[in-house]
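The primary structure of each chain is shown beneath.
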Amino acid sequence: MDAAQAALNRMRRIAKGRGELRIPRSRLGEKVVIKNKRQPFIGAKYGGGRDPLGLGNVVSRLISERGWSSPLAVGSVMAQWDALVGPEIAAHCQPESFEATTLHVRCDSTSWATQLRLLASSLLAKFDEELGRGVVTKIQVLGPTAPSWRKGFRNVKGRGPRDTYG
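Residues numbered from 1 in each chain as written. Predicted model: local features only at pLDDT ≥ 70, side-chain atom pairs only at ≥ 80, totals over all residues. Heavy atoms only, no water.

## Some points on the overall build of the protein
Phase 1: The number of helices and strands found in the protein is 7 helices and 3 strands.
Phase 2: The helix and strand sequence of the protein, counted from the amino end, reads α-α-α-α-α-α-β-β-α-β.
Phase 3: The buried share of the protein, reckoned over its 166 residues, is 19%.
Phase 4: When contacts within the protein are restricted to residue pairs at least 6 apart in sequence, long-range pairs at least 24 apart make up 46% of them.
Phase 5: With the model as given, the accessible surface of the protein reaches about 13600 Å², and the carbon-plus-sulfur share is 55%. (Helix = DSSP H or I, 4+ residues; strand = E, 2+ residues; numbered from the N terminus. Buried < 20%, exposed > 50% of the residue type's maximum accessible area, 1.4 Å probe, protein only. Contact = heavy atoms within 4.5 Å. Areas by Shrake-Rupley, 256 points an atom, 1.4 Å probe, with all protein chains shown as cover.)

## Description of the sheet that holds strand β3 (residues 138-142)
Phase 1: The strand order β1-β2-β3 describes an open sheet built from 3 strands, whose pairing is mixed. The open sheet has two edge strands, β1 (93-99) and β3, and neither has a second partner. Taking each pair of neighbouring strands and ignoring which way they run, the sheet shows an average axis angle of 25 degrees.
Phase 2: Two elements, β1 and strand β2 (residues 102-107), share 6 bridges in a ladder whose sense is antiparallel. When the sheet's bridge partners are listed, Gln94 is paired in β2 with Arg106. (Pairing = 2+ DSSP bridges. Axes fitted to C-alpha atoms, helices over the stretch in contact; angles between N-to-C directions.)

## Remarks on the pairing of β3
Each regular strand displays side chains that alternate between the two surfaces of the sheet.
Phase 1: Only one face of β3 is covered, namely the face carrying Ile139 and Val141; the face carrying Lys138, Gln140 and Leu142 is uncovered.
Phase 2: Across 5 bridges, the pairing between β2 and β3 is parallel. In the strand pairing of β3, Leu103 is matched with Ile139.
Phase 3: Of the crossover connections in this fold, the one passing from β2 over helix α7 (residues 110-131) to the parallel β3 is right-handed. (Right-handed = clockwise from strand over helix to strand, strands pointing away.)

## Regarding the packing of aromatic side chains
Phase 1: Inspection of every chain in the model, using the stated rule, returns 1 aromatic pair.
Phase 2: Ring centres 6.4 Å apart and planes at 45 degrees place the aromatic pair Trp81 and Phe127 in the tilted group. Of this pair, Trp81 sits in helix α5 (residues 81-85) while Phe127 sits in helix α7, and the two are 46 residues apart along the sequence. Assigned by exposure class, Trp81 and Phe127 land together as buried. (Phe/Tyr/Trp six-rings, centres within 6.5 Å; stacked < 30°, edge-to-face > 60°.)

## Describing α7
Phase 1: Considering bend angle alone, the principal kink of α7 is centred on Ala120 and spans about 55 degrees.
Phase 2: Residues of α7 that are buried: Ala113, Leu116, Ala120, Leu123, Leu124, Phe127 and Leu131.
Phase 3: The first or second residue beyond α7 is Gly132, which carries a positive phi of 115 degrees. (Bend = angle between axes of the 7 residues up to and from the residue.)

Here it is as structure tokens:
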């Protein structure tokens, strides 16, 4: 007799001594659940489940099933901004945020903001061509940020001094 069998028999004797008996569930009145055949590791919708797939196929299927196609397209707008708009515009205008289908772009001067507003329709056409239709439907152009006149711990409520540029 091997050591594993001896240990099992010893544990059974100890359990029987405490009053614990092994009774089949069918004798206790419970329904016997017959286990089904082993399920495949991956469902049939993944091509049978047992054959390995390429990483590109798995990632593209994951993207389409989860509905991530437009957020990924938005991420590609942010990542490929230089290639999409060109180096001149990219040097002066940067994408800031994306809400619904509106892209917010911050320009470093008011002249570049005006130029980008004029080029918005051609940029939208290029985005539709590169990323897919309807990913970006509006470009919100933001000018440069103005300096803040609030300095220190104490501030006066209201519009502040109006004779600054006198």
